[in-house]
Amino acid sequence: MSSTLLRTTALRSALRTATTTSSKKAALSGMTITRGKATLPDLPYDYGALEPAISGQIMELHHSKHHNTYVTSLNNFSTQLAEAQAGQDYQKQIALQPLINFHGGGHINHSLFWENLAPKSQGGGEPPAGALAKEIDESFGSLDGLKEKMNTALAGIQGSGWAWLVQDTQTGKIGIKTYANQDPVVGQFRPLLGIDAWEHAYYLQYQNRKAEYFGAIWDVINWKAAEKRFK
Amino acid sequence: MAYKPHTYSLPPLGYEYNALEPHISAQIMELHHSKHHNTYITSLNAALSNLATASAAGDVPGQIALQPLIKFHGGGHINHSLFWQNLAPASSAEAKPSSAPKLTEAIKQTWGDEAAFREAFKAALLGIQGSGWGWLVKVEGATKDDRLTIVTTKDQDPIVGKGEVPIFGVDMWEHAYYLQYLNGKAAYVDNIWNIINWKTAEERYLGKQGDAFKVLKASM
Ligand SMILES: [Fe+2]
Ligand SMILES: [Fe+2]
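The residue numbering used here restarts from 1 in each chain and proceeds along that chain's sequence as written. Chains and ligands are labelled by the order in which they are written, letters from A for the one and numbers from 1 for the other. Totals for whole chains, interfaces and linings use every residue, but because this is a predicted model, local features are given only for residues with pLDDT of at least 70 and side-chain atom pairs only at 80 or more, for both listing and counting. Hydrogen atoms and water are omitted, and side-chain values are computed over all heavy atoms in the structure.

J.: Which residues make up the packing of helix 3 (residues 101-111) of chain B against helix 4 (residues 114-126) of chain B, and what values go with them?
T.: Residue and element names in this part refer to chain B. For helices, the axis comes from a line fit to the C-alpha atoms of the stretch in contact; other axes are also lines fit to C-alpha atoms, and the angle between any two N-to-C directions lies between 0 and 180 degrees. Secondary structure is summarised from DSSP: a helix means a run of H or I of at least four residues, a strand means a run of E of at least two, and numbering begins at the N terminus for each. Here helix 3 crosses helix 4 at 75°, and the two axes come no closer than 8 Å. Here helix 4 runs roughly perpendicular to helix 3, going by the angle between their axes. Counted together, Thr-104, Ile-107, Lys-108 and Trp-111 of helix 3 and Glu-114, Ala-116, Phe-117 and Ala-120 of helix 4 form the full contact between these two elements. Looking at side-chain class alone, the contact of helix 3 with helix 4 contains 5 nonpolar, 1 polar and 2 charged residues. Angles are sorted into four bins: roughly parallel if under 35 degrees, roughly antiparallel if over 145, roughly perpendicular if 65 to 115, and oblique for all others. Residue contacts are defined here by distance: any two heavy atoms, one from each residue, within 4.5 Å place the two residues in contact. Amino acid classes used here: Ala, Val, Leu, Ile, Met, Phe, Trp, Tyr, Cys and Pro are nonpolar; Asp, Glu, Lys and Arg are charged; the rest, including Gly, are polar.

Structure follows, in structure tokens:
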């Protein structure tokens, strides 16, 4: 996973759990599970550092409450999953999949999102450079072309969800995709840059005027994080 | 000649924006009704107008492409119209479960008692992943008796299945509670019981699906 915030957390835990051959023994010992607990990553900036684009109150609630709830729930359901695996309870394992997807997705998405953002003093809003910049020009004509397409995609989300600039791992090309709720960017696509379109991401400041939020967030986008994820 | 679709307009609330305080703030109610609900109506009218144009032009792909928009914005209009009607000021007689004798009896028969029903309803609402609604629904029995069930729907999907009568719904989009309850949606769900309009719920329970949608016909 390309997010440094996520290292040692959920995905590795899931991988470890999945690749443990004697899962029964491992689960009973409790080691695998305890070692792999997801934790809330620290933000690399202060809650108020993204103002005026995103208020400090939104950032604090979003990070310390919403993201934290995804972490807590993911750990809870991961533990249940490990127990179900140890007990070879396949019905329970299957029943847990949507919960792992939702809370695990919430943890992954928010961890990537915090890295996607930066105050102006730390490079927020500075246009991308290098290979990614070239690819954006090729695919979207210009950075403004990308922003426009991404904002249209964000505005078209019906309900809660995310819009992502992704890279197709098969072709290397970049594109914009929207995902419902907390569905994470996995499989064929690699997440480069995500924008949270859940109402909790903007409502205290922008209320129903979500287009203003989508317009303002570009002032605090950390393109360096996207450059690092781009292969 | 092109078919001209009906144009929908925002139905007035049956109470003031502050009438549901302290359970739902006036600020939430005003934004929710005058902005969110109104946007669904504006977008629904636009989609229906485009549908009429596509239909007149024999543009089948165009008509199909409009279906998700009609479902979303039409659902938003239906859901909110029903929602405003199934709320009432806490001090009113309508907000007492005793205003729904037949329905509360059916609830007891289905869930054992009212507390168990509320608990089940709350668990369903809090289990919604993302935006959506929770509804108490009457399913009309073709051969058996009618039955009650709790249904959650995603985004703005409406309750419009055959024989399904929405009795009351709770909006679980974050815009419905966030300005007041922030991330504390469980408290929003707990408090909403104080402002359920049981009189409306009883009428819907005793009526048919078409009766529940009267408000929509009136706002054309
Ligand atoms: Fe979020
Ligand atoms: Fe709503």
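J.: Before we move on, can you summarise the UniProt feature "binding site: Mn(2+)" (unreviewed entry) in chain B with the specific residues and values?
T.: UniProt positions are given in the numbering used here, feature names are shortened, and annotations may be inferred rather than shown by experiment. The residues that UniProt annotates with the feature "binding site: Mn(2+)" (unreviewed entry) are B:His32, B:His80, B:Asp171 and B:His175. What stands out for the annotated residues spanning 144 residues is how close their C-alpha atoms remain, the widest pair being 12.3 Å apart. Mapped onto the elements of the fold, B:Asp171 is located in strand 3 (residues 164-171). Filtering out sequence-adjacent residues up to four positions away, B:Asp171 remains in contact with B:His32, B:His80, B:Phe83, B:Gly132, B:Trp133, B:Ala176 and B:Tyr188. Within the local environment of B:Asp171, its side chain forms a polar contact with the side chain of B:His32, the two groups lying 2.8 Å apart. Positionally, B:His175 belongs in the loop between strand 3 and helix 5 (178-181). Apart from residues no more than four positions distant in its own chain, B:His175 is found in contact with A:Glu199, A:Tyr203, B:Ile28, B:His32, B:His36, B:Tyr40 and B:His80. Between N or O atoms, a polar contact is any pair within 3.5 Å; within protein, one atom must be a potential hydrogen donor and the other a potential acceptor, and residues adjacent in sequence are included only when both atoms are from side chains.

J.: With reference to specific residues and values, describe the packing of aromatic side chains.
T.: All names here are of chain B. Under the pairing criterion, centres of Phe, Tyr and Trp rings, with the six-membered ring standing for Trp, must be within 6.5 Å; the plane angle then separates stacked pairs below 30 degrees from edge-to-face pairs above 60, leaving the rest tilted. Using the criterion set out here, one finds 26 aromatic pairs over all chains in the structure. Seen in terms of ring centroids, Phe-117 and Phe-121 are 5.7 Å apart; in terms of plane orientation they differ by 40°. Their pairing is tilted. Here Phe-121 and Phe-117 lie together in helix 4, a separation of 4 residues that amounts to about one turn. A relative accessible area of 0% means that Phe-117 is categorised as buried. Only protein chains enter the calculation, and the probe is 1.4 Å; a residue is then buried if its accessible area is under 20% of its type maximum, exposed if over 50%, and partly exposed in between. According to the relative accessible area criterion, Phe-121 is buried, its value standing at 1%. Ring geometry for Phe-121 against Phe-168: centres 5.7 Å apart, planes inclined by 70°, an arrangement best described as edge-to-face. Here Phe-168 lies in strand 3 and Phe-121 lies in helix 4, a separation of 47 residues in the sequence. Judged by its relative accessible area of 0%, Phe-168 is buried. A network of ring pairs unites the aromatic residues Trp-111, Phe-117, Phe-121, Phe-168, Trp-193 and Trp-198 as a single cluster.

J.: How would you explain the packing of helix 6 (residues 130-140) of chain A against helix 7 (residues 143-155) of chain A if you had to name every residue and give the values?
T.: Residue and element names in this part refer to chain A. In contact at an axis separation of 8 Å, helix 6 and helix 7 are set at 65° when each is read in the N-to-C sense. Compared by their axis directions, helix 6 and helix 7 come out roughly perpendicular. For the crossing formed where helix 6 meets helix 7, the hand is left-handed. Seen from helix 6, the contacting residues are Ile-136, Asp-137 and Phe-140; seen from helix 7, they are Leu-143, Gly-145, Leu-146 and Lys-149. Class assignment for the residues of the contact of helix 6 with helix 7 results in 4 nonpolar, 1 polar and 2 charged. The sense of a crossing depends on the near helix, which, turned anticlockwise from the far helix by less than a right angle, makes the crossing left-handed and, turned clockwise, makes it right-handed.

J.: Tell me what's going on with the coordination of the iron ion (ligand 1), and back it up with residues and numbers.
T.: Residues and elements named next belong to chain A. Protein coordination at the iron ion (ligand 1): the donors are His-62 (NE2), His-110 (NE2), Asp-196 (OD) and His-200 (NE2), at 1.9 to 2.1 Å from the metal. Each of the 4 donor atoms around the iron ion (ligand 1) contributes to a set of angles spanning 89 to 136°, which defines the coordination as irregular. We note that the donor set of the iron ion (ligand 1) lies within a single chain, spaced as H-x47-H-x85-D-x3-H. Of the two residues, His-110 sits in helix 5 (residues 90-116) while Asp-196 sits in strand 3 (residues 189-196), which places them 86 residues apart along the sequence. Neither residue differs from the other here; His-110 and Asp-196 are each classed as buried. Here a donor is an N, O or S atom found within 2.8 Å of the metal, or within 3.2 Å if the metal is Na, K or Ca; sites may look incomplete because water is not among the atoms. Only four donors with every angle between 85 and 135 degrees are called tetrahedral; only four or six donors with opposite donors over 155 degrees apart and all others between 65 and 115 are called square planar or octahedral, in that order; all others are irregular.

J.: Tell me what's going on with the interface of chain B and chain A, and back it up with residues and numbers.
T.: The partner chain A presents 17 residues to the 17 residues of chain B that form the contact. In short, buried area is how much 1.4 Å probe accessible area vanishes from two parts on joining, totalled over both. Taken as a group, B:Gln129, B:Glu174 and B:Tyr178 account for 36% of the area that chain B buries against chain A, more than any other trio of residues on that side. By salt bridge we mean one thing: a side-chain nitrogen of Lys or Arg within 4 Å of a carboxyl oxygen of Asp or Glu. For the interface between chain B and chain A, the tally reads 0 salt bridges. Of all the secondary structure elements, the ones that give two or more residues to the side of chain B that touches chain A are helix 1 (26-56), helix 2 (60-85) and helix 5 of chain B. Among the residues making up the side of chain B that touches chain A, the classes are represented as 8 nonpolar, 6 polar and 3 charged.

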